[in-house]
Amino acid sequence: MDRVILHIDANCFFASVETAYNPKLAGLPIAVCGDAEARHGIILTANYNAKRGFGVKTGEQIQHALAKCPNLVIIKSNPQRYLRHSELMRAILADYSNDIEPFGCDEAWMDISNLAKTTEDGAVVAREISERIKCELHITVSIGVSFCKVFAKFASDYKKPDAITVISRDNYKDIIWNSPCDSLIYVGRATKAKLAMRGIFTIGDIARAKPEHLKSWLGKNGLLLHSFATGCDISVVRKATVSPQVKSVGNSTTAVRDLVCDEDVKRVFFVLADSLARRLREKDLSGNVVTIWLRRNDLSSFTRRHTLQLPVDTAFDIAEAALRLFYDCYTLAEDKPLRSVGITVGNLVPHKELAQISLFPDEDISTRRRSLELAMDSVRAHYGYYSICRASLLADKDLTHFDPKSEHTLHPIGDFNAVRPA
Ligand SMILES: [Mg+2]
């Protein structure tokens, strides 16, 4: 028997929460921004008045958005409010099912096969959930109802805001197959381009293509996409109580101004590495694959990775590895300034297993760096993030005064056989 799965997606989440707190904002074009003061502050979310009325886009610089919409109300983001609303939304969902899988702070899948036998039944439950969220939390959601996770996600995106879309075995070909292939989860720009070269433009084209062809063009991911397009996605909704295995930890930031010299990059790398190292230590993990991501000011981007001999979990080791990669692949004097940078540490193992490797831990420079950073962790736990930092970062406070951990929410990777097409 088919499952009944919902995908719930809050509409313009940050902007809607701000309007829930301040109803006077209703009807105005508003945008929530990282830092409204900074020249390169960017739009994190805009409401539909700003997006549809004035073409304001997520990720765009404040100054560009203001040029299109001079009356745009800019609101500095309040992460605590959004987390609180996200928890409240999840508490409502928990009244209907134990099988809830959050995706970021404003989306979640639910398996409601216990309550609903058909997608039509599912729509009734979806209607009730949507009404409760509207009445109790004063925000709206779009809900997709289907027999698999991929189609439920597609359906929640299909009509917005405040809508419910049902995709069943009977109507999926009509609704889904004519849509462009990049409306399918995991078809990004690179995959879209590869498919277009072969004359594949819609999800229906993917469904009708021979699986072995898709495999030869896209590897294993080709087979996965074929199963998605034909309604054969069998991935389960992962219960919220089961914490996903962390495969990598990453941080990125769009700097307040473009990075124009090696010293700029070094400073920002240290802030990112600091936060990364702290998160690794909190989870008691170390990793030996360091990846850097660089985005130029023309918005083109690329990544480089390096495998270290031993796993690391200190900011010093991570920043050092990241900088070595950077010096190898980029010369700021010759290439374009950088707008955003990121670092990821992967191939993670429990730190305890590692402690046995070094015979003389007291003499090991990494161990000394580690105890220094553990001391910094406890100072910050007591007195706040900005209470202590490397002296070198004080030289350019505008560039380094951000706390990546509290300002960036990383989206977890959904459990689609743990495969991630390009
Ligand atoms: Mg959303």
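Before reading further, recall that the structure is shown in the block above.
Along each chain, the written sequence defines residue order, and numbers are assigned to residues from 1. Selection of residues for local features in this predicted model requires a pLDDT of at least 70, selection of side-chain atom pairs for listing and counting requires 80 or more, and totals for whole chains, interfaces and linings are taken over all residues. Calculation of side-chain values draws on the structure's entire complement of heavy atoms; hydrogens and water are dropped beforehand.

Undergrad: What should I look at first to understand the pairing of strand 7 (residues 141-146) in this one?
TA: Here is the key point about a regular strand: its side chains alternate between the two faces of the sheet. The element strand 7 is extensively covered by neighbouring structure, given that 6 of its 6 residues are classed as buried. Bridge count between strand 1 (residues 5-10) and strand 7: 6 bridges; the pairing is antiparallel. Of the residues in strand 7, the one forming a bridge with I8 is I143. For two strands to be treated as a pair, DSSP must find at least two bridges joining them. Only runs of H or I of at least four residues qualify as helices and only runs of E of at least two qualify as strands under DSSP, and these elements are numbered from the N terminus. Across 3 bridges, the pairing between strand 7 and strand 8 (residues 164-166) is parallel. Following the sheet pairing, I143 is matched in strand 8 by I164. The parallel pair strand 7 and strand 8 is bridged by helix 6 (residues 149-158), and the resulting crossover is left-handed. Classification of residues uses two cut-offs on accessible area relative to the type maximum, computed with a 1.4 Å probe and protein chains only: under 20% is buried, over 50% is exposed, and between them is partly exposed. When the strands point away from the viewer and the connection leading from the first strand across the helix to the second strand turns clockwise, the crossover is called right-handed.

Undergrad: Quick question: what am I supposed to make of the pattern of salt bridges here?
TA: Salt bridge, as used here: a side-chain nitrogen of Lys or Arg that lies within 4 Å of a carboxyl oxygen of Asp or Glu. On inspection of all chains with the given rule, the structure shows 20 salt bridges. Here D95 makes a salt bridge to R132, at a shortest N to O gap of 2.9 Å. On the criterion of sequence distance, the pair formed by D95 in the loop between helix 4 (79-93) and strand 5 (100-102) and R132 in helix 5 (residues 119-137) is long-range, its members being 37 residues apart. Looking at R132, the relative accessible area reads 22%, which means it is partly exposed.

Undergrad: Got a minute to help me understand the nonpolar core in this structure?
TA: Proteins that are soluble and globular tend to have nonpolar side chains buried together. As used in this record, nonpolar core signifies buried Ala, Val, Leu, Ile, Met, Phe, Trp, Tyr and Cys residues forming a set joined through side-chain atoms within 4.5 Å. One finds F269, L294, I318, F326, L338 and I343 to be the most contacted residues of the largest nonpolar core, which totals 37 residues. In terms of residues, this core owes the most to one element, helix 12 (residues 262-282), which gives 10 residues. The contact rule is simple, with two residues in contact once any of their heavy atoms fall within 4.5 Å. Leaving out residues up to four positions away in the same chain, F326 has contacts with D262, V265, F269, I292, L294, L332 and L338. Grouped together as the second largest cluster of nonpolar side chains are 35 residues, C12, V32, L137 and V145 included.

Undergrad: Just to check I follow, could you spell out the coordination of the magnesium ion for this structure?
TA: By definition of the ideal shapes, four donors in a tetrahedron about a metal sit 109.5 degrees apart, and six donors in an octahedron sit 90 or 180 degrees apart. Atoms are scored as donors when they are N, O or S and lie within 2.8 Å of the metal, with 3.2 Å used for Na, K and Ca; no water is included, so coordination may look incomplete. For the magnesium ion, the full set of protein donor atoms is D9 (OD), A10 (O) and D106 (OD), and the range of their distances to it is 2.1 to 2.4 Å. In this structure D9 comes out as buried when scored by relative accessible area, which is 9%.

Undergrad: Looking at this structure, how should I read helix 5?
TA: Owing to its 3.6 residues per turn, the α-helix aligns residues three or four sequence positions apart on the same side. One less than the residue count of a helix, multiplied by 1.5 Å, gives the span that helix is expected to have. With 19 residues, helix 5 should reach 27 Å at 1.5 Å per residue; the first-to-last C-alpha distance of 26 Å fits that figure. Where helix 5 is concerned, the buried positions are T119, G122, A123, V125, A126, I129, S130, I133 and L137. Burial along helix 5 is one-sided: seen end-on, the buried residues are contained in an arc of 165 degrees. Turned more than 90 degrees away from the buried face of helix 5 sit E120, V124 and C135, all of them exposed. Check the buried side of helix 5 and you find it contacts strand 1, helix 1 (13-21), helix 4, strand 6 (107-111), strand 7 and strand 8. Phi turns positive, to about 60 degrees, at H138, one or two residues after helix 5. An arc is given here, and it is the one of the directions from the helix axis to the C-beta atoms.

Undergrad: Help me understand unusual backbone geometry in this model?
TA: Residue K160 is joined to P161 through a cis peptide bond whose omega torsion reads -10 degrees. For P161, the position within the fold is in the loop between helix 6 and strand 8. You will see that H138, though not glycine, has its phi angle at about 60 degrees, which is positive. Tracing the chain through its elements places H138 in the loop between helix 5 and strand 7.

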